[in-house]
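Observations on the model geometry
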Amino acid sequence: MGPTLRLFTLGILAHTVLLVSTVQAEQNCALGQRYVELAHDRQHAAEFDDAVTFLKRALDACPSYEVYQTLGDLQAQSPQREDQARAVEAFVAAYQLASTDSARARSLLSYARLLNQDGDPTNAYPIIKNAQALDPTSGDIARLSSQVEHRVNNPTKESISRGLWNSLYKPLTLASASSAGGSTRPLNLPDKAASPVINQQPATFVPINFETGTTLVDEQTRLNIAVLAHTLADSNHPNQRYVFVGHADIRGVELNNVLLSKRRAEAIYQSVTLLEPSLQGRIEITGKGSSEPIDLGNDDHAYRTNRRLQVLLR
C-alpha cells in the first residue's frame, strides 16, 4: 500500500471513529435527558432519594451544567450534612461547566446560600461577592449579599468556629480555556483580576478593619478582636496553629501595601496574645497587600472591606 493510500485509509478510519463517538455521545445524552425527566417526576412526588439517584445516572451518561446545578439544589434541601456536602461538590462542578457569567453566578448564589444557612457566613461572604461581580443586577444575589454581610459584621464564636473547623466549604476553580488537558486554575490567580478572591481553604473573615494607611483598627470592629481571640484559644483546639494574613486596599504603592498589611497582622497578633496568652507562638503572620480583594468596588465601603484580617488554619 502506497503512502498516499495509507494516509487516505487512516483518514477514513479517523473519520469513522469520530462519527461513532459522536453518535455514542448523542445517545448517551439522550439517555441522560430521560434520567433527568425521571428525576423530575420523583422530585414532584417528594421521593428525594430516587430523584438523586436518577440525576446521578444522568451525570454518568452525559455530564452537564444544568444537571449538576439541579442535583446540588436538590441535595442542599436535605437535613443530612452528608447530602449538603455533596451539594457543595455539585455546585463546584456546575460552576466549572458554566458557559456564561449568569450561570456561574447562579451556582455561586446556591453555594453561598447553603454555607450561610449552615452557620458559616465567613466563607459565604467572598462567594456571594463574586456572584455580585458576575451578575450585579440580580435581586436574589443582592439580598443574600446583604444578609451575609450583616452576619459577618456581627461575628459570633460559633460562626468563626464553623468557618475554621467544620465548614462545608470547598474551593472553586475555573476550567482553563487554553488547557488541552482540561486542567483547572484557582480563581485567585492574577489573570483572574476581574473576580474577587475565593479562598482555597476554609478561612475566617472576621471584620477587623483598619484605618486608612495605619495599623489602627476602626471603632466599628474593635470589639471583634476579643471575639476572635477567645475563639482561637478555645480549649477544644489546644495545639492548633494559625496564620494571620493582613490585607490592604488597592490605593497606594503596592510594596508599601504589602509591608503595611504584614504590620496589621502583627498588630492583631499582639492584641490577641495579650487577651489570650496561650496563643503566643501559635500564630504566623504574613501580608498580601492589595492582591486579594473580596470587594471589587472603588468606593469607601469597598476600600474598608479590603483593609482586613484573614485567619487560616496552619
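Below is a short write-up of the structure. Being a predicted model, the structure only gives us computed values, none of them experimental.

Counting secondary structure elements, the chain contains eleven helices and six strands. In the chain, buried positions account for 45% of the 314 residues. Put simply, 67% of the contacts in the chain that link residues at least 6 apart link residues at least 24 apart. Per element, the accessible surface of the chain, about 15,800 Å² overall, is 54% carbon and sulfur.

With that out of the way, let us pick up the pattern of salt bridges. Overall, the coordinates contain 17 salt bridges when judged by the stated rule. In this structure, the salt-bridge partner of Glu-37 is Arg-34, at a minimum N-O distance of 3.4 Å. Residue Glu-37 and its partner Arg-34 are both found in helix α1 (residues 3-44); the two are separated by three residues, about one turn of the helix. A salt bridge links Asp-249 to Arg-307; its shortest N-O distance comes to 3.0 Å. Taken as a pair, Asp-249 in the loop between β4 (242-246) and α10 (254-275) and Arg-307 in the loop between α11 (300-306) and β6 (309-313) lie far apart in primary sequence, 58 residues in all. Each member of the pair Asp-249 and Arg-307 is classed as buried. Where salt bridges share partners, they join Arg-81, Asp-118 and Arg-162 into one cluster.

Where helix α2 (residues 48-61) contacts helix α3 (residues 65-76), the two axes come as close as 10 Å, and the packing angle between them is 160°. Taken as axis vectors, α2 and α3 run roughly antiparallel relative to one another. Judged by the sense of rotation from one axis to the other, the crossing of α2 with α3 is left-handed. Between α2 and α3, the contacting residues are Phe-48, Ala-51, Val-52, Leu-55, Lys-56, Ala-58 and Leu-59 on the first element and Val-67, Tyr-68, Thr-70, Leu-71, Leu-74 and Gln-75 on the second.

Below, the discussion takes up the nonpolar core. Formed by 27 residues in total, the largest nonpolar core has its most connected members in Leu-108, Tyr-111, Leu-115, Ile-127, Ile-128 and Val-148. Looking at this core, the elements that each hand over two or more residues are α4 (81-97), α5 (101-117), α6 (121-134) and α7 (139-152). For this core, the leading source of residues is α5, giving seven residues. Residues in contact with Val-148, not counting those within four places in the same chain, are Asn-116, Pro-121, Ala-124, Tyr-125 and Ile-128.

Okay, the side chain of Ser-145 next. By secondary structure assignment, the location of Ser-145 is in helix α7. Not counting residues up to four positions away in its chain, the partners in contact with Ser-145 are Ile-128, Lys-129 and Gln-132.

Regarding helix α9 (residues 224-232), the residues found buried are Asn-224, Ile-225, Leu-228, Ala-229, Thr-231 and Leu-232. Seen along its axis, α9 keeps its buried residues to an arc of 165°; they face one direction.

Here is what the cut-offs are and how they apply
- Residues numbered from 1 in each chain as written.
- Predicted model: local features only at pLDDT ≥ 70, side-chain atom pairs only at ≥ 80, totals over all residues.
- Heavy atoms only, no water.
- Helix = DSSP H or I, 4+ residues; strand = E, 2+ residues; numbered from the N terminus.
- Buried < 20%, exposed > 50% of the residue type's maximum accessible area, 1.4 Å probe, protein only.
- Contact = heavy atoms within 4.5 Å.
- Areas by Shrake-Rupley, 256 points an atom, 1.4 Å probe, with all protein chains shown as cover.
- Salt bridge = Lys/Arg side-chain N within 4 Å of Asp/Glu carboxyl O.
- Axes fitted to C-alpha atoms, helices over the stretch in contact; angles between N-to-C directions.
- Parallel < 35°, antiparallel > 145°, perpendicular 65-115°, else oblique.
- Left-handed = near helix turned anticlockwise from the far one by under 90°.
- Core = buried A, V, L, I, M, F, W, Y, C linked by side-chain atoms within 4.5 Å.
- Arc of directions from axis to C-beta.

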